[in-house]
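Here are the chains, one letter per residue:
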Amino acid sequence: MRKLLLSGLIVILAAACTKKDVQLVRQYLEKNKCSVVSINADKQNTNNFFMIKTFNENRILTHIKFQVNDVYGVLNRFDYAISYGQDRVIFKGITKGFNWVPETEAEFPTPPDPDAPYHLEEILEMRDTRDFEILLHHKSHYPVEVRYLQTGESVLKLEYNNRGFLSKVVSKIGLFNVTTDNRGNILTILTPPLVEEEPYYGPQQLGITNTYSDKNTSRNTNMFYETPTLFISPMYSLVELLNWGPFQPDRERIHVSLQHRYGEEYLPSPTMDAAYSNHQYDRNGNLVRYDFEGDIRQAIPYEGTIVKKDQRSITWQCSGRPVK
């Protein structure tokens with residue numbers, strides 16, 4: 001990936017800064033004049049995806065808040081303050097889960113209307129107030145592990161190849177192998193093929209497949225996409241949104257497919273899909289808007305899923321001022 005990443009700053013965030021540290025900051029700010037501040041900031045009180053980042057006066061990330069559905073339609077809301085240590089980033093806050101409850105239930109077999117009036121009901125047993133940390137590689141400063149502070153339990157590990165591209169992800173689900181194009185854009189994040197093939201689906205792999213446009217983007221173009229559905233790990237989705245590594249593409253993403261369970265012939269499809277179109281850019285080459293159409297909930301016992309159509313609005317901060 002041709003972008004320098006925000007993680008390059010983290011090495012200088014100890015209590016004392018040397019002259020060399022200050023120079024690193026200057027170099028970073030000169031080459032990375034724009035950072036994502038938010039996506040869909042006006043959707044905080046809805047069932048839609050949003051993300052808001054807070055930076056201090058030195059453009060150091062100090063807080064992140066975002067909301068995204070999992071494959072069962074549960075809204076997961078993350079709200080964390082961020083502090084820094086040597087090759088580690090510490091997160092303190094809370095994760096909450098919410099059920100989206102339509103005011104009027106649709107009658108079977110009609111699936112619920114995603115745009116109908118609704119209210120959110122918190123799932124109290126999903127509350128998680130555990131502090132966790134992201135460990136960074138001492139040279140690249142890419143994330144290599146996420147673990148809880150109190151217990152040391154590891155919940156996510158990441159590996160990179162000799163070109164600095166993501167190559168493996170290990171979560172509670174298991175091992176995911178990553179393939180990329182020759183620019184580092186992530187094509188697939190998939191488990192090994194299922195040994196016992198299902199007659200209807202054949203060999204199956206859980207995970208994500210991304211498709212990109214053949215259109216060439218400008219060298220100065222900055223892309224940024226949401227994580228459409230929690231699956232691999234909530235912590236992987238966090239890492240993807242933080243973008244402290246080779247996670248965001250430098251080409252237009254047009255489609256993503258997720259297989260979240262092994263399929264059987266007489267069950268609803270095990271895949272969920274999202275499409276991205278109508279990409280729009282600001283004068284600095286930052287992606288500021290695109291149309292999203294995707295599955296946001298596995299609608300069992302209904303056949304199929306709920307499909308949501310929305311326009312994603314991205315706000316960037318460039319040289320100290322927001323640009324949308």
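Residues numbered from 1 in each chain as written. Predicted model: local features only at pLDDT ≥ 70, side-chain atom pairs only at ≥ 80, totals over all residues. Heavy atoms only, no water.

Notes on the overall build of the protein chain
Link 1 in the chain: A count of helices and strands for the protein chain gives two helices and 18 strands.
Link 2 in the chain: Here the protein chain holds 324 residues, and 53% of them are scored as buried.
Link 3 in the chain: Intrachain contacts of the protein chain at a sequence separation of at least 6 include 52% that bridge at least 24 residues.
Link 4 in the chain: Carbon and sulfur atoms provide 50% of the accessible area of the protein chain, an area that totals close to 15900 Å². (Helix = DSSP H or I, 4+ residues; strand = E, 2+ residues; numbered from the N terminus. Buried < 20%, exposed > 50% of the residue type's maximum accessible area, 1.4 Å probe, protein only. Contact = heavy atoms within 4.5 Å. Areas by Shrake-Rupley, 256 points an atom, 1.4 Å probe, with all protein chains shown as cover.)

Quick word on the side chain of Asn 286
Link 1 in the chain: Turning to its location among the elements, Asn 286 is positioned in the loop between strand S15 (271-281) and strand S16 (287-298).
Link 2 in the chain: Reaching out from Asn 286, the side chain makes a polar contact with the side chain of Asn 222 at a distance of 2.8 Å.
Link 3 in the chain: The residues contacting Asn 286, other than those within four sequence positions of it, are Cys 34, Asn 222, Gln 280, Tyr 281, Trp 316 and Cys 318. (Polar contact = N/O pair within 3.5 Å; in protein donor to acceptor, adjacent residues only side chain to side chain.)

Section: the pairing of strand S9 (residues 154-160)
Link 1 in the chain: For strand S8 (residues 143-148) and S9, the ladder comprises three bridges, and the chain directions are antiparallel. Paired with Glu 145 across the two strands is Lys 157, which belongs to S9.
Link 2 in the chain: The hairpin turn running from S8 into S9, its antiparallel successor, is five residues long, and Gly 152 in that turn takes a positive phi close to 75 degrees. (Pairing = 2+ DSSP bridges.)

Observations regarding the nonpolar core
Link 1 in the chain: Membership of the largest hydrophobic core comes to 64 residues, with the highest contact counts inside it found for Phe 91, Val 169 and Tyr 236.
Link 2 in the chain: With six residues, helix H2 (residues 234-242) is the single largest residue contributor to this core.
Link 3 in the chain: In this view, Val 169 contacts Leu 156, Lys 157, Leu 158, Gly 174, Leu 175, Phe 176, Val 178, Ile 189, Ile 232 and Tyr 236; residues no more than four positions away in its chain are not counted. (Core = buried A, V, L, I, M, F, W, Y, C linked by side-chain atoms within 4.5 Å.)

Here we look at the state of the cysteines
Link 1 in the chain: For the coordinates displayed, the defined rule picks out one disulfide.
Link 2 in the chain: Across the disulfide, Cys 34 is cross-linked to Cys 318 (sulfur-sulfur distance 2.0 Å). Its S-S torsion of about 115 degrees marks the bond between Cys 34 and Cys 318 as right-handed, since a negative value means left-handed. Here Cys 34, found in strand S1 (residues 34-39), pairs with Cys 318, found in strand S17 (residues 305-318); they are 284 residues apart in sequence, far enough to count as distant.
Link 3 in the chain: Owing to a relative accessible area of 5%, Cys 318 belongs among the buried residues under this scheme. (Disulfide = S-S within 2.5 Å.)

Notes on the packing of aromatic side chains
Link 1 in the chain: According to the stated counting rule, one finds twelve aromatic pairs in the structure shown.
Link 2 in the chain: Geometrically, the ring pair formed by Phe 66 and Phe 78 is stacked, given 4.4 Å between the ring centres and 10 degrees between the ring planes. Placement of the pair is Phe 66 in strand S3 (residues 61-69) and Phe 78 in strand S4 (residues 75-85), with a sequence separation of twelve residues.
Link 3 in the chain: Given a relative accessible area of 6%, Phe 78 falls into the buried group.
Link 4 in the chain: Seen in terms of ring centroids, Tyr 225 and Tyr 276 are 5.2 Å apart; in terms of plane orientation they differ by 70 degrees. Their pairing is edge-to-face. (Phe/Tyr/Trp six-rings, centres within 6.5 Å; stacked < 30°, edge-to-face > 60°.)

Concerning the side chain of Gln 248
Link 1 in the chain: Within the element layout of this structure, Gln 248 appears in the loop between H2 and strand S14 (253-259).
Link 2 in the chain: Looking at Gln 248, its side chain comes within polar contact range of the main-chain oxygen of Glu 240, at 3.4 Å.

Regarding unusual backbone geometry
Backbone phi values are negative for most residues with the exception of glycine, while trans is the configuration of most peptide bonds.
Link 1 in the chain: Of note, Asp 87 is a non-glycine position whose phi angle comes to about 60 degrees, a positive value.
Link 2 in the chain: Inspection of the secondary structure assignment puts Asp 87 in the loop between S4 and strand S5 (88-102).
Link 3 in the chain: Note on Asp 87: relative accessible area 19%, which makes it buried.
Link 4 in the chain: A positive phi angle, close to 60 degrees, is found at Asn 243, a residue other than glycine.
Link 5 in the chain: Mapped onto the secondary structure, Asn 243 falls in the loop between H2 and S14.

Points about the pattern of salt bridges
Link 1 in the chain: If you walk through the whole model with that rule in mind, you get twelve salt bridges.
Link 2 in the chain: For Lys 215, the salt bridge is made with Glu 252, and the minimal N-O distance between the two is 3.5 Å. In this pair, Lys 215 sits in the loop between strand S13 (207-212) and H2 while Glu 252 sits in the loop between H2 and S14, placing the two residues 37 residues apart along the sequence.
Link 3 in the chain: Assessed through its relative accessible area of 7%, Glu 252 is described here as buried.
Link 4 in the chain: A single network of salt bridges, built from pairs that share partners, joins Lys 43, Glu 226, Asp 310 and Arg 312. (Salt bridge = Lys/Arg side-chain N within 4 Å of Asp/Glu carboxyl O.)

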